[in-house]
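Residue-level structure breakdown
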Amino acid sequence: MKKLIIANWKLNPATADDAQKLAASINQAAKNTAVLCPPTVFLSRINFPRLGAQDCFWQEKGAFTGQTSPLQLKSLGVKYCIAGHSERRAVGDTDEMVNAKLNALLEHKITPILCVGFGTTVEQDDLEVTDVLKQQLGAGLAGIDPLKVIAAYEPVWAIGTGKNASPEHAEKIALFIKSKYGIKKILYGGSVNAANAKGFLQQPNISGLLVGGESLIPGHFNQIINF
Ligand code: PEP
């Protein structure tokens with residue numbers, strides 16, 4: 001079965017020209033389903049069959065300087081939007097805000113990718129991880145149909161560090177999210193690369209990957225989306 005691979009370009013690249021070149025170098029007909037999430041400012045300049053946003057605001061319009069609404073994203077053809085990424089939580093996004101974003105996205109038929117995860121060290125024990133996941137999932141999904149949401153399990157210690165979780169650990173957490181919260185699609189994210197991607201994609205309860213750094217390297221990302 002096809003897996004879903006989300007490219008999170010974060011605050012890269014520097015120019016619209018470079019963003020267009022990067023998008024043009026990604027295989028559009030890969031074995032798996034690839035979604036590109038460029039910076040919001042470049043969304044309208046990217047030609048790719050599936051686009052996602054990295055974040056959004058929960059209001060549709062009005063006096064909210066600097067924000068981007070799901071309504072605006074929808075007008076650009078955006079089909080997916082990340083919410084609750086740990087880099088957003090680190091600058092103040094709360095579970096309640098994430099919940100409001102999910103509601104707003106679903107209202108405009110954009111599929112939310114709800115990021116959850118915890119742990120600043122690889123040693124952090126599973127119970128502590130599970131407690132934080134319960135909080136993030138319980139509050140984030142309040143009043144939301146879990147079947148309309150994709151979850152991404154991203155241990156914070158694994159993001160951008162070059163240290164990934166083991167596929168077995170990610171599979172165990174995916175199963176926990178699936179059985180307790182009813183979300184059907186769970187992705188893994190955190191230092192995924194062309195060498196370790198296959199191990200995650202082979203897990204039965206992992207539906208795909210959220211890829212940061214390696215999604216900026218076309219040769220590597222094209223390998224990941226073609227496993
Ligand atoms: C991410 O941005 O969600 C991410 C997982 O980044 P990286 O792949 O660079 O660890």
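Below you will find a few notes about this structure. (Residues numbered from 1 in each chain as written. Predicted model: local features only at pLDDT ≥ 70, side-chain atom pairs only at ≥ 80, totals over all residues. Heavy atoms only, no water.)

**Quick word on the pattern of salt bridges**
Tallied over the entire structure, the rule returns 5 salt bridges. A salt bridge links Lys 101 to Asp 55; the nearest nitrogen and oxygen atoms lie 2.9 Å apart. One end of the pair, Lys 101, is in helix H4 (residues 95-107); the other, Asp 55, is in the loop between strand E3 (51-53) and helix H2 (70-75), with 46 residues separating them in the sequence. For the pair formed by Lys 101 and Asp 55, the shared burial category is buried. (Salt bridge = Lys/Arg side-chain N within 4 Å of Asp/Glu carboxyl O. Helix = DSSP H or I, 4+ residues; strand = E, 2+ residues; numbered from the N terminus. Buried < 20%, exposed > 50% of the residue type's maximum accessible area, 1.4 Å probe, protein only.)

**Some thoughts on the nonpolar core**
Buried together is how nonpolar side chains tend to be arranged in soluble globular proteins. Formed by 59 residues in total, the largest nonpolar core has its most connected members in Leu 36, Leu 137, Leu 141, Ile 177, Tyr 188, Leu 209 and Phe 221. Per-element tally for this core: the top contributor is helix H6 (residues 167-181), with 6 residues. Judged by nonpolar contacts, the second largest core, of 12 residues, contains Ile 113, Ile 150, Ala 152 and Leu 210. (Core = buried A, V, L, I, M, F, W, Y, C linked by side-chain atoms within 4.5 Å.)

**Examining the site of the ligand**
Contacts to the ligand come from 14 residues, most closely from Lys 10, His 85, Glu 154, Gly 160 and Ser 191. Within the side chain of Glu 154, a nitrogen or oxygen atom sits 2.7 Å from an oxygen atom of the ligand. Classifying every residue of the shell around the ligand gives 4 nonpolar, 8 polar and 2 charged. (Near = heavy atom within 4 Å. Polar contact = N/O pair within 3.5 Å; in protein donor to acceptor, adjacent residues only side chain to side chain. Nonpolar A, V, L, I, M, F, W, Y, C, P; charged D, E, K, R; others polar.)

**Here we look at the environment of Gln 72**
Residue position: Gln 72 is located in helix H2. With a relative accessible area of 42%, Gln 72 lands in the partly exposed category. Between the alpha carbons of Gln 72 and Cys 56 there is a distance of 9.5 Å; along the sequence they are 16 residues apart.

**Thoughts on unusual backbone geometry**
In this structure, the amide linkage connecting Asn 12 to the following residue, Pro 13, adopts the cis form with an omega of -10 degrees. Non-glycine residue Lys 109 carries a positive phi angle of around 60 degrees. The residue Lys 109 is located in the loop between H4 and strand E5 (111-116) in this model. Owing to a relative accessible area of 70%, Lys 109 belongs among the exposed residues under this scheme.

**What about helix H8 (residues 218-225)?**
Buried within H8 we find Phe 221, Asn 222, Ile 224 and Ile 225. Looking straight down H8, one finds its buried side chains confined to an arc of 160 degrees; they lie on one side. (Arc of directions from axis to C-beta.)

**Quick notes on the environment of Asn 8**
For Asn 8, the location among the structural elements is in strand E1 (residues 4-8). By relative accessible area, Asn 8 is classed as buried at 5%. Distance from Asn 8 to Cys 37, taken between C-alpha atoms, is 5.1 Å for residues 29 residues apart in sequence. Polar side-chain contacts of Asn 8 include one of 3.1 Å to the backbone nitrogen of Lys 10.

**So, the side chain of His 169**
Mapped onto the secondary structure, His 169 falls in helix H6. A polar contact of 2.7 Å, which involves the side chain of His 169, links it to the side chain of Tyr 153. Apart from residues lying up to four places away in sequence, His 169 is in contact with Asp 126 and Tyr 153. (Contact = heavy atoms within 4.5 Å.)

**Considering the packing of helix H5 (residues 126-140) against H6**
Viewed as axis vectors pointing N to C, H5 and H6 meet at an angle of 40 degrees, and their least axial separation amounts to 12 Å. It follows from the interaxial angle that H5 and H6 lie oblique. The interaxial crossing formed by H5 with H6 has right-handed handedness. On H6, the residues that touch Asp 126, Val 129, Thr 130, Leu 133, Lys 134, Leu 137 and Gly 138 of H5 are His 169, Lys 172, Ile 173, Phe 176, Ile 177 and Tyr 181. Of the residues in the contact of H5 with H6, the class split is 7 nonpolar, 3 polar and 3 charged. (Axes fitted to C-alpha atoms, helices over the stretch in contact; angles between N-to-C directions. Parallel < 35°, antiparallel > 145°, perpendicular 65-115°, else oblique. Left-handed = near helix turned anticlockwise from the far one by under 90°.)

**A closer look at the pairing of E1**
Within a regular strand, the side chains alternate between the two sheet faces. With 5 of its 5 residues buried, E1 lies for the most part within the structure. Of the two faces of E1, both are covered, the one formed by Leu 4, Ile 6 and Asn 8 as well as the one formed by Ile 5 and Ala 7. For E1 and strand E2 (residues 33-37), the ladder comprises 5 bridges, and the chain directions are parallel. Each residue of the ladder has a partner; that of Ile 6, found in E2, is Val 35. In this fold, the crossover linking E1 to E2 by way of helix H1 (residues 16-24) has right-handed handedness. Strand direction decides the pairing type here: E1 and strand E8 (residues 208-211), joined by 4 bridges, are parallel. Residue pairing across strands places Ala 7 opposite Val 211, the latter belonging to E8. (Pairing = 2+ DSSP bridges. Right-handed = clockwise from strand over helix to strand, strands pointing away.)

This is a description of form; function is not addressed.
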